[in-house]
Amino acid sequence: MLITGVELAALRVPIGAEQLISTRRITSRETCLVRIHTDEGIVGIGDSQRPESAEAICSYIRDIYVPLLLGRDPFDRERIFHEAYTTARYRGRVKGVAIEALSAVEIALWDVIGKALRVPIYKLLGGKYRDRLRAYATAVMLGPSQEERLRQFGRFLDAGFTAVKVKAGRNVEEDAEFLRRLREAYGYGVDILVDLNCALTFKAALRFGRAAEKYEVYWIEEPLPPEHLGDYAKLRRALSVMVAAGESEYTVYGFRDWLARGAIDVAQPDVGRAGGIWQVRAIAEMAEAYGIWFAPHTGHGSAIGYAATLHVAAATRNFLIFELEQIENPLREGLLANRVDLQEGGHIAVPEGPGLGIELDEKFVERATIARFK
Ligand SMILES: [Mg+2]
């Protein structure tokens, strides 16, 4: 089988109400949709986890990766990946857009292979450990009053979740007070995850971490900027609450440093960002060797990213819990003819079809396309 073409489309869909985290405002969802065509008529789908600048991803793939793909056998996936990685590295791009773009290509290659062999990707990863994954709701966002945020938390519990993420990081004292009010309102039978989105200094993170311990928080996520690995390691040693991070990191080389320095309890690579399915599987295995949990990042991802992540999570031993976004995201809710992002009783099911086990809603794709890349 040979690759005969790579079809690229930048998709953008506005959202109804702006979404606020500690570091930025979100007003639309974007992705670069990759379709790899083959001479056997099989088409593989992938995309990257890049909620902005979809056109930058598409043009990078067209200019740098497509020449490496045409005429190749998709089953040479790993070799193609490393040729592409080496090309990007030569330009100093071992993180960011280059690796996000490569992630999209890599996922599409897996989809081709799974479809050609007529098996779900999780089987190609060694088989699944679980049919359903425990999921947490992402997230109670910043912005509304604490009263409204408390009610939002309750709505996630009513929907069936037993674990909920709360955004924080703009004011440590208010964040600690919110934790007290959450426990007062909902007790200690629910897992509370707190995401700081890299907003704190070491001292502030230590102060917040003490409050997180007092209110028995499940994990604190990205308390510090990812550049400060030494502070992460110090913070982790100082606190009993788990420290999670990884959505801002790329490839096994990036994660090697986090693990070797003892910076995290939970590794959160994103399949559509950190290098694709095989890189994230390797990151999870490396984490396992350090006794560290794997809880893949998916927030803001499209349904394609969700499907890819579900296959990896199902087939990986040290998987801990699955991130399931509950706020508006048309690319998660509308992109597929068969939704993969639905939960029941706080759990999410693993897709069963060949490859990723998904099918695009072509009408949605048509409406969301802002540019095609030839
Ligand atoms: Mg996060």
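Structure's up top.
Residues numbered from 1 in each chain as written. Predicted model: local features only at pLDDT ≥ 70, side-chain atom pairs only at ≥ 80, totals over all residues. Heavy atoms only, no water.

(A) Quick peek at the packing of aromatic side chains. According to the stated counting rule, one finds nine aromatic pairs in the structure shown. When the centroid spacing of 5.4 Å and the interplanar angle of 70° are considered together, the rings of Tyr60 and Tyr65 count as edge-to-face. Tyr65 matches Tyr60 in its accessibility class, with the two residues each being buried. Counting every residue linked through ring pairs, the aromatic cluster contains Phe81, Tyr85 and Tyr253. Seen from the ring of Tyr188, Arg183 lies directly overhead, with NZ or CZ sitting 4.6 Å from the centre. Note that Lys234 overlies the ring of Phe202, its terminal NZ or CZ placed 4.4 Å from the centroid. (Phe/Tyr/Trp six-rings, centres within 6.5 Å; stacked < 30°, edge-to-face > 60°. Buried < 20%, exposed > 50% of the residue type's maximum accessible area, 1.4 Å probe, protein only. Lys NZ or Arg CZ within 6 Å of the ring centre and 35° of its normal.)

(B) Broad picture of the side chain of Gln146. One can find Gln146 in helix α5 (residues 146–158). A polar side-chain atom of Gln146 sits 3.2 Å from the main-chain carbonyl oxygen of Glu174. Apart from residues no more than four positions distant in its own chain, Gln146 is found in contact with Glu174, Glu177, Phe178 and Arg181. (Helix = DSSP H or I, 4+ residues; strand = E, 2+ residues; numbered from the N terminus. Polar contact = N/O pair within 3.5 Å; in protein donor to acceptor, adjacent residues only side chain to side chain. Contact = heavy atoms within 4.5 Å.)

(C) Representation of the packing of helix α6 (residues 172–186) against helix α7 (residues 202–214) within the structure. It is the contact of α6 with α7, at a shortest axis distance of 10 Å, that shows an interaxial angle of 10°. Classified by the angle between their axes, α6 and α7 sit roughly parallel to one another. Contacts between α6 and α7 involve Val172, Glu173, Asp175, Ala176 and Leu179 from the former and Ala204, Arg207, Phe208, Ala211 and Ala212 from the latter. For the contact of α6 with α7, the residue count by class is seven nonpolar, no polar and three charged. (Axes fitted to C-alpha atoms, helices over the stretch in contact; angles between N-to-C directions. Parallel < 35°, antiparallel > 145°, perpendicular 65-115°, else oblique. Nonpolar A, V, L, I, M, F, W, Y, C, P; charged D, E, K, R; others polar.)

(D) View of the coordination of the magnesium ion. Protein coordination at the magnesium ion: the donors are Asp195 (OD), Glu221 (OE) and Glu247 (OE), at 2.0 to 2.2 Å from the metal. As a motif over one chain, the donors of the magnesium ion read D-x25-E-x25-E. Taken together, the residues Asp195 in strand β6 (residues 191–195) and Glu221 in strand β7 (residues 219–221) connect sequence positions 26 residues apart. (Donors = N, O, S within 2.8 Å, 3.2 Å for Na, K, Ca; no water.)

(E) Structural detail: the environment of Ala267. Locating Ala267 in the fold gives a position in strand β9 (residues 266–267). Judged by its relative accessible area of 1%, Ala267 is buried. On a C-alpha basis, the gap between Ala267 and Ala17 in space is 31 Å, while along the polypeptide they are 250 residues apart.

(F) Fine view of the pattern of salt bridges. Inspection of the entire model under this criterion finds 40 salt bridges. Salt-bridge contacts for Glu100 lead to Arg50; the nearest nitrogen and oxygen are separated by 2.9 Å. Taken together, the positions of Glu100 in helix α3 (residues 97–117) and Arg50 in the loop between β3 (43–47) and α1 (54–69) put the pair 50 residues apart, joining distant regions of the chain. With a relative accessible area of 19%, Arg50 lands in the buried category. The salt bridge involving Arg207 is made with Glu173; its shortest N-O contact spans 3.2 Å. Of this pair, Arg207 sits in helix α7 while Glu173 is found in helix α6, placing the two residues 34 residues apart along the sequence. (Salt bridge = Lys/Arg side-chain N within 4 Å of Asp/Glu carboxyl O.)

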